[in-house]
Amino acid sequence: MKDKQRRPGAKPFEAGKAKGRGNDKPHAGRPGANHTRGPKSASSDAASRAKVAAAPDAAAATEPQRLLTRRAGDLPAERVPLILESTGAGDFHLIDSGDGLKLERYGSYSIVRPEAQALWQKSLPAHVWDKADAVFTGDTDEDGMGRWRFQREALGETWPLSLLDIDFHGRFTAFRHVGVFPEQIAHWSWMKQRIEEAGRPLKVLNLFGYTGVASLVAAAAGAEVTHVDASKKAIGWARENQSLSRLDKAPIRWICEDAMKFILREERRGNHYDIILTDPPKFGRGPNGEVWHLFDHLPLMLDVCRELLAPKAVGLVLTAYSIRASFYSIHELMRETMRGKGGLVESGELVIREAGLDGKTPGRALSTSLYSRWVPK
């Protein structure tokens, strides 16, 4: 559902592109925390180690095949649909949308990008749109590449942005993205609050971490973070953002690796995390040519992520972009994955509400992606 061409390949942001997430998030991996694996809870899977073959792990062809676990026990409680809405934060807000386009404010720049979900007419007059600093042109398909047209003068390669008190670089990429997916503010705010309220250092695993904004939000709140992405460029961009946010000494491990390979190794090592964020692309390639197909590999990825959750885990968050599916698809998958573990699965869509030129005038809500989130009750 989103124009995120999420991490198309191992080279996520040429000409400024990023996100190995199909979008332009470069997917990378980061070393997992060396947590000692605690004993499984009774509801874990003791009685249900019967396993069925999962799709072969194309991302780890040289590794022993990990089978999908057949879980037993009751399904978690559910809350659907839960729409998580952002109206903007820091240097971002959605100005207007319509006619298959969206007009956004990112710091000092206003930009126009394709948006297939904007089926309605624009609210603001043409002269407002014509004043945009940059317009993405080219292939309007979700996975298409293109270029940026600068309306008045060529703009710099990067420019400063800030969200949730995290400073980072915006950058015009060949896949229409600029280095951040602001609808994720809803998840980041939730995560930030949980970390600050925990009363103990939490360990966060950020899979397909792109340019690191989520990882920096978590680290600034006091968490130990493992950031994984398959793109060296994305990791480099994330490290730049770390310096910009003055978090050079924060406990963040930057891992450039295929996400599936990484989590399978973490499972064998018995490492645990309190919060896991996973934002996989529809299709992607790892640094060594590993292939990722969302519909083929997502069930196994979530299954492994469940095993990586600490005994007192705070949550597992999945976001899915650019797919033709209902949120119910990933909702039911998440419930089946967490069967027997209790807790609550809440699923729905992430939306951004228009805020007008002044950033304070509520307008229509633009759907951007699907998500599902497990939390303990």
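Before reading further, recall that the structure is shown in the block above.
Residues numbered from 1 in each chain as written. Predicted model: local features only at pLDDT ≥ 70, side-chain atom pairs only at ≥ 80, totals over all residues. Heavy atoms only, no water.

Student: For the overall build of the protein, give the residues involved together with the corresponding values.
Tutor: Each helix and strand counted, the protein has seven helices and 20 strands in total. Evaluated residue by residue, the protein yields a buried proportion of 59% over its 377 residues. Across the protein, contacts joining residues at least 24 apart in sequence account for 69% of those joining residues at least 6 apart. Accessible surface, the protein as shown: approximately 14700 Å² in total, 52% of it carbon and sulfur. (Helix = DSSP H or I, 4+ residues; strand = E, 2+ residues; numbered from the N terminus. Buried < 20%, exposed > 50% of the residue type's maximum accessible area, 1.4 Å probe, protein only. Contact = heavy atoms within 4.5 Å. Areas by Shrake-Rupley, 256 points an atom, 1.4 Å probe, with all protein chains shown as cover.)

Student: Explain the pattern of salt bridges to me, using residue names and the numbers behind them.
Tutor: On inspection of all chains with the given rule, the structure shows 24 salt bridges. The shortest N-O distance in the salt bridge between Asp 133 and Arg 152 comes to 2.7 Å. Of this pair, Asp 133 sits in the loop between helix H1 (126-129) and strand E8 (134-138) while Arg 152 sits in the loop between strand E9 (146-150) and strand E10 (158-163), and the two are 19 residues apart along the sequence. The buried category is assigned to Asp 133, whose relative accessible area is 15%. Between Arg 364 and Glu 354 there is a salt bridge whose closest N-O contact spans 3.2 Å. With Arg 364 in the loop between strand E19 (344-353) and strand E20 (365-375) and Glu 354 in the loop between E19 and E20, the pair connects residues that are 10 residues apart, well separated along the chain. Judged by its relative accessible area of 25%, Arg 364 falls in the partly exposed class. One salt-bridge network, held together by shared partners, links Arg 66, Arg 71, Glu 267, Asp 303 and Glu 307. (Salt bridge = Lys/Arg side-chain N within 4 Å of Asp/Glu carboxyl O.)

Student: Tell me about unusual backbone geometry, residues and numbers included.
Tutor: In this structure, the amide linkage connecting Val 80 to the following residue, Pro 81, adopts the cis form with an omega of -20 degrees. Relative to the assigned elements, Pro 81 resides in the loop between strand E3 (77-79) and strand E4 (84-86). Of note in the backbone geometry, Asp 99 takes a positive phi value of approximately 55 degrees without being a glycine. Checked against the element boundaries, Asp 99 lands in the loop between strand E5 (92-98) and strand E6 (101-106). Even without a glycine there, the phi angle at Asp 165 is positive, about 70 degrees. Within the fold, Asp 165 resides in the loop between E10 and strand E11 (166-171). In this structure Asp 165 comes out as exposed when scored by relative accessible area, which is 69%.

Student: Can you break down the environment of Ala 223 residue by residue, with the values?
Tutor: Positionally, Ala 223 belongs in the loop between helix H3 (213-221) and strand E13 (224-229). Through-space distance from the C-alpha of Ala 223 to that of Ala 198 is 9.9 Å; in sequence the pair is 25 residues apart. If sequence neighbours within four positions are ignored, Ala 223 has contacts with Ile 195, Leu 202, Val 204, Ala 218 and Pro 251.

Student: Now, about the nonpolar core: what can you tell me, with residues and values included?
Tutor: Counting 49 residues, the largest nonpolar core has Phe 172, Trp 188, Met 191, Ile 195 and Ile 275 as the members making the most contacts within it. Per-element accounting of this core gives the leading share, seven residues, to H3. If we skip the residues at most four places from it in the chain, Trp 188 touches Leu 163, Leu 164, Val 180, Phe 181, Val 213, Ala 214 and Val 217. Judged by nonpolar contacts, the second largest core, of 33 residues, contains Phe 262, Leu 294, Ala 313 and Leu 370. (Core = buried A, V, L, I, M, F, W, Y, C linked by side-chain atoms within 4.5 Å.)

Student: How would you explain the packing of helix H2 (residues 185-197) against H3 if you had to name every residue and give the values?
Tutor: Two elements in contact, H2 and H3, have axes whose closest approach is 9 Å; the angle formed by their N-to-C orientations is 20 degrees. Taken together, the axes of H2 and H3 are roughly parallel relative to one another. Considering how the two elements wind past one another, H2 and H3 form a crossing that is right-handed. For the pair formed by H2 and H3, the contact residues are Trp 188, Met 191, Lys 192, Ile 195 and Glu 196 on the first element and Val 213, Ala 214, Val 217, Ala 218 and Ala 221 on the second. Per-class residue counts for the contact of H2 with H3 are eight nonpolar, no polar and two charged. (Axes fitted to C-alpha atoms, helices over the stretch in contact; angles between N-to-C directions. Parallel < 35°, antiparallel > 145°, perpendicular 65-115°, else oblique. Left-handed = near helix turned anticlockwise from the far one by under 90°. Nonpolar A, V, L, I, M, F, W, Y, C, P; charged D, E, K, R; others polar.)

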